[in-house]
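# Per-entry structural report
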Amino acid sequence: MKTTLYVERDSFVHRLHPTVKVFGLFAVFWSIYWVDNPVALTPLALLLLAVAFAMGAMENVYRLRWFFILIIVPTMLTWMLFYRVGRPLIHIPLFHVSRASLMFGLGRGLKVGELVLASVLFLSGTKVEELAVGLSRLGMPYRLGFTITLAFRLVPLFMESALTVVDAQRLRGYDFDAGGAFERVRRYVPVVVPVFMGALRKANNMAMALEARGFGRTRRPTSFVEYRMGARDAVAFALLMALGAAWFMVYYSGLGAIPVR
Amino acid sequence: MPDVKGWMREAEADARRVPAGEALAVEDLSFAYHDTARAALRAINLIQSAGEMIGVMGASGAGKSTLAKCLNRIIPELEGGELRGTVRIAGRPTAGARVHQMAPEVGMVFQDFESQLFSTTVAHEVAFALEQLGMERGEMLRRIGPALEAVGLAGLEQRDPTSLSGGQKQRLAIAAVLALRPRIIVFDEPTTDLDPEGRAEVFALIRQLREQGVSLLVIEHEAEELQRSDRVMLLNEGSIIAEGPPSAVMTQLDLLESCGVHPPGLNRLLKLLGIEGHAQSIEHAETEIRKRFPNAPIASTQPPSRRTPVSDSVRPPSAAPLIRIENVSFSYPGGPRVLDGVDLSIAPGEFVAIIGQNGSGKTTLAKLMIGLLQPESGKIWLDGRDRATLHSAATARDIGYVFQNPDHQIFAATVEDEVAFGPRNFGLAPGEIERRCTEVLRAVGLENERASNPFLLSKGQRQRLAVASVLVLRPKVLILDEPTTGLDYREQRRMMRLVTELNESGVAIVMITHAPWLVAEYARRVVLMRGGRTIFDGGVREFFAHDAMLRASSFRAPEVTQLSRRFGTVALTPEEMANWLRGRGG
């Protein structure tokens, strides 16, 4: 089973300098942050999907389709519950369904989905070593940057271990679906404990193996792969700056907000 | 083919590595972990000459890994405690050094190969340690090639390490250590998690390194693998209790066994026959035995499978099968076919070993039997019922599955709660739960640990606890996935005694394993899988008589069984072989 999101391709995103990739992720996050209106968020979603298609990362988007749905739909519904602004269109107990709450819920759902999508694209086109280099060039201490990249690598391993634990407990007759919402959360204790203990053990083994291979010996390790900034990187950098500036202007002009009626 | 010579040439050109004199000196080394009263190491003294290979054996908890970790300062830097005594590498004391400073001096290859790989390409994995040294790129390139060549991974530079086989991953971890050109390489049970093919690959590499004069310290609890060491050491409760050339230590069979080490089967056979000495190889053992038994037959070149002299009933009993698998195929979504038209049935009271290389479909087959997966085509019947109509949780009382890693299920605060978890899920009455817990804890020898925290038990105890918590539901079939992985010989024997007793009480056993001796000594039927098909299904003795099939499947028979083939018979244990030879006169 493939445990990383990285897709081996030679696309324009893959060829960018790691620092530009990290900056790109930041610029997209920045743009998403400033706007709430789904109309202002939709072009970003389309842009991200176009990039996904161009860099050959649609397989990851498809692979994680349920994850996207599980994140976006509950976010939308939750905000319709709490964003009680505007004239209700229909009456459903507990929910406040108005044009504004629908727009806001949809906007929040899109926002979360786009943040996840941008991260998936970033990981699809960036090797963990590049991420470490990118973070370190942006001023983050190497040790911290490397630890973050390692966490990215470990998440899928823990997911795999969690699936095995769920199987093991189910085979002992355990029903994960019994009871109400809170009871169901509590019923995951027999999964969380073994996964957490396994993660601790793995982290300990990894720490030993890392140190034994000299990790931490120098503050600025050399790099096996040479990364050089080129004209392509300069263009990408300028475009990303423009994107960030444009979406800030959308916010500043008030077009990014939800009209309350 | 691995080529260690190229790496050696490069390494020797590195002036620091020229072997001369003492590689390692350990003087009066003692260590106790924090929060434990018992010392993990007691006054260890050891001198290793440059180019020497030392094998370290002992039970779990004997102090083997603790000793290894003291050499590169993981102890006391990362795992604290009270350390006394000195360690010198090439004459220089290590006191005060940080672990990362020791990297170019002591290379360490760990058991858990997954935790040693951090990079996205094979070449980068080897480069990782060199980057940490601040090495120039040109020098890195000069080192990476020979290191990968040495472990037989040249040509795979751009591969993702996660896509390699277990044996390849461990060889990659070794290449990463070789590139550092350390003075000593320490292997801490490097093949425990590997299949027989991966195991053979790693030990072949260790032998090559030894021939090239690299200083090696190899920790292992299968004595057979350390036969070619210059010297072996036996550790027990933190002390060296035997030390010397393999011929001197490996003939002390009772001592080895009492220290949790699997004694070499060939030496056991020689001893049973009253022949003094140490069998360095199968050929050597044969020569010694033929001197004593000059009339013993010589294997003919005829196909031997139908001529096995010892006959035993191996076919499944005629009772209605508990599990019937009919023409089952399976593929994971988007992947190639993992099982291809498999037929198999398991009858009550059987003891079946399912063997095959990693990726041959063993675990997938087991998951289909327990209902975690559904077949793509074909049918599975469980006790006469269509498996597809039964929920996996609902059939836990018919068929139990013990995962390879007991830590995938242990979560409760006490041993008793852990065992009671299953019966509680089925809503059994408290009195009944109590009765069953008492019964199974006694069966697995944990009756005195009822109130203990399961996380503080040894690996062997945790494995037995995992069996108990599945057994408590009284399944008719018990599937065990590698039940002895990571256990020392004593714990392995104990686990297998338990499994045998269960089988004798009527539970059908299906055991997935890589260990040839477990198949030979315990199973009564073997199912060999390759490429998603069953290519053999029959008696154990019949299986070990198929020399060509064994070779093709990379499954190595126990040494005694291999020896018996040279005499034209199939003996599964040293005792059986000795009896057979005696029957032919001395």
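What counts as what
Residues numbered from 1 in each chain as written. Chains lettered and ligands numbered in written order. Predicted model: local features only at pLDDT ≥ 70, side-chain atom pairs only at ≥ 80, totals over all residues. Heavy atoms only, no water. Helix = DSSP H or I, 4+ residues; strand = E, 2+ residues; numbered from the N terminus. Buried < 20%, exposed > 50% of the residue type's maximum accessible area, 1.4 Å probe, protein only. Areas by Shrake-Rupley, 256 points an atom, 1.4 Å probe, with all protein chains shown as cover. Lys, Arg positive; Asp, Glu negative; His and termini not counted. Charge placed at Lys NZ, Arg CZ, Asp CG, Glu CD. Rg over C-alpha atoms; globule rule 2.2 N^0.38 Å. Contact = heavy atoms within 4.5 Å. Buried area = accessible area lost by both parts, 1.4 Å probe. Salt bridge = Lys/Arg side-chain N within 4 Å of Asp/Glu carboxyl O. Polar contact = N/O pair within 3.5 Å; in protein donor to acceptor, adjacent residues only side chain to side chain. Nonpolar A, V, L, I, M, F, W, Y, C, P; charged D, E, K, R; others polar. Pairing = 2+ DSSP bridges. Phe/Tyr/Trp six-rings, centres within 6.5 Å; stacked < 30°, edge-to-face > 60°. Lys NZ or Arg CZ within 6 Å of the ring centre and 35° of its normal. Axes fitted to C-alpha atoms, helices over the stretch in contact; angles between N-to-C directions. Core = buried A, V, L, I, M, F, W, Y, C linked by side-chain atoms within 4.5 Å.

In terms of regular secondary structure, chain A is built from eleven helices and two strands. In sequence order, the secondary structure elements of chain A are arranged as α-α-α-α-α-β-β-α-α-α-α-α-α. For the C-alpha atoms alone, the extent of chain A along its principal axes is close to 65 × 60 × 30 Å. Burial status across chain A gives 46% buried among its 261 residues. Surface summary for chain A: the accessible area is close to 14000 Å², and the carbon and sulfur share equals 71%. Within chain A, one finds 29 positive and 15 negative side-chain charges whose respective centroids are separated by 4 Å.

Let us now look at the overall build of chain B. Broken down by element type, chain B carries 22 helices and 20 strands. By the compact-globule yardstick of 25 Å for 586 residues, chain B fits well, its C-alpha radius of gyration being 25 Å. Dimensions along the principal axes, computed over C-alpha positions, put chain B at roughly 70 × 60 × 50 Å. The burial tally for chain B puts 59% of its 586 residues in the buried class. Across chain B, contacts joining residues at least 24 apart in sequence account for 68% of those joining residues at least 6 apart. In chain B, 67 positive and 73 negative side-chain charges are present, and the distance between their average locations comes to 3 Å.

This part covers the interface of chain B and chain A. At the interface, 61 residues of chain B touch 47 residues of chain A. Summed over both partners, the interface of chain B with chain A comes to about 4900 Å²; 62% of that surface belongs to carbon and sulfur atoms. Its largest share of buried area at the contact with chain A, chain B owes to His100, Phe118 and Gln132 of chain B, together 15% of the area lost on that side. Where Glu226 of chain A meets Arg137 of chain B, a salt bridge forms, and the shortest distance between an N and an O atom there is 3.9 Å. Across the chain B-chain A interface, the total number found is 16 residue pairs in polar contact (both at pLDDT 80 or more). At the level of secondary structure, the elements contributing two or more residues to the side of chain B that touches chain A comprise helix H4 (99–102), helix H5 (122–132), helix H6 (137–150) and helix H14 (415–425) of chain B. Top contributing element to the side of chain B that touches chain A by residue count: H5 of chain B, with nine residues. Per-class residue counts for the side of chain B that touches chain A are 32 nonpolar, 19 polar and ten charged.

Okay, the pattern of salt bridges next. Within this structure, the stated rule accounts for 59 salt bridges over all chains. With a closest N to O distance of 3.4 Å, Arg143 of chain A and Glu211 of chain A form a salt bridge. You can see Arg143 of chain A sitting in helix H8 (residues 142–170) and its partner Glu211 of chain A sitting in helix H10 (residues 189–212), a full 68 residues away along the chain. Several salt bridges converge on common partners, so that one network encompasses Glu432, Arg435, Arg436, Glu439 and Arg474 of chain B.

This part takes up unusual backbone geometry. All names here are of chain B. For the bond from Ile75 to Pro76, the omega torsion is 10°, close enough to zero to count as cis. Relative to the assigned elements, Pro76 resides in helix H3 (residues 74–77). Its identity is not glycine, yet Ala43 carries a phi of approximately 45°, on the positive side. Here Ala43 shows up in strand S2 (residues 41–49).

Below, the discussion takes up the pairing of strand S1 (residues 22–33) of chain B. Two faces, one strand: in a regular strand the side chains alternate between the faces of the sheet. All names here are of chain B. With six bridges connecting them, S1 and S2 associate as antiparallel partners. In the strand pairing of S2, Phe31 is matched with Leu41. Across eight bridges, the pairing between S1 and strand S4 (residues 81–89) is antiparallel. In the sheet register, Tyr33 faces S4, and the bridge partner there is Gly81.

The next subject is the packing of aromatic side chains. The relation between two aromatic rings is expressed through the spacing of the ring centres and the mutual angle of the planes. Residue and element names in this part refer to chain A. Taken as a whole and judged by the stated rule, the model has 31 aromatic pairs over all chains. Aromatic ring contacts, followed pair by pair, group Phe23, Phe26, Trp30, Tyr33, Trp34, Phe237, Phe248, Tyr251 and Tyr252 into a single cluster. Over the aromatic face of Trp79 sits the side chain of Arg108, whose NZ or CZ is 5.3 Å from the ring centroid.

On to the environment of Ser392 of chain B. On the secondary structure map, Ser392 of chain B appears in the loop between strand S15 (385–386) and strand S16 (399–402). Accessibility expressed as a relative area gives 7% for Ser392 of chain B, which makes it buried. Between the C-alpha atoms of Ser392 of chain B and Ala127 of chain B, which are 265 residues apart in sequence, the distance is 46 Å. In this structure, Ser392 of chain B is in contact with Arg170 and Leu171 of chain A together with Ile370, Gly371, Leu372 and Arg387 of chain B, ignoring residues within four places of it in sequence.

Attention now moves to the sheet that holds strand S5 (residues 92–93) of chain B. All names here are of chain B. Taking strand neighbours across the sheet as the criterion, the four strands line up as S2-S1-S4-S5 in an open arrangement whose pairing is antiparallel. Only two strands of the sheet have a single partner each, and these edge strands are S2 and S5. Of the strands in this sheet, S1, S2 and S4 touch helix H2 (residues 64–71), which is tilted by about 120° from S1.

Residues and elements named next belong to chain B. Helix H21 (residues 559–566) sits mainly inside the fold: six of its eight residues count as buried. For H21, the full list of buried residues reads Glu559, Val560, Thr561, Leu563, Ser564 and Arg565. Where the residues of H21 are buried, they touch helix H11 (265–272), helix H12 (282–292), helix H19 (540–545), helix H20 (547–552) and helix H22 (574–583). Phi turns positive, to about 80°, at Gly568, one or two residues after H21.

Turning our eyes to something else, we now look at the nonpolar core. All names here are of chain B. In terms of nonpolar packing, the biggest core is built from 57 residues, with Val467, Leu478, Ile509, Phe543 and Phe544 touching the most fellow members. Apart from residues no more than four positions distant in its own chain, Leu478 is found in contact with Gly400, Val402, Val467, Val470, Leu471, Leu502, Val507, Ala508, Ile509 and Val510. Judged by nonpolar contacts, the second largest core, of 52 residues, contains Met57, Leu172, Leu178 and Leu180.

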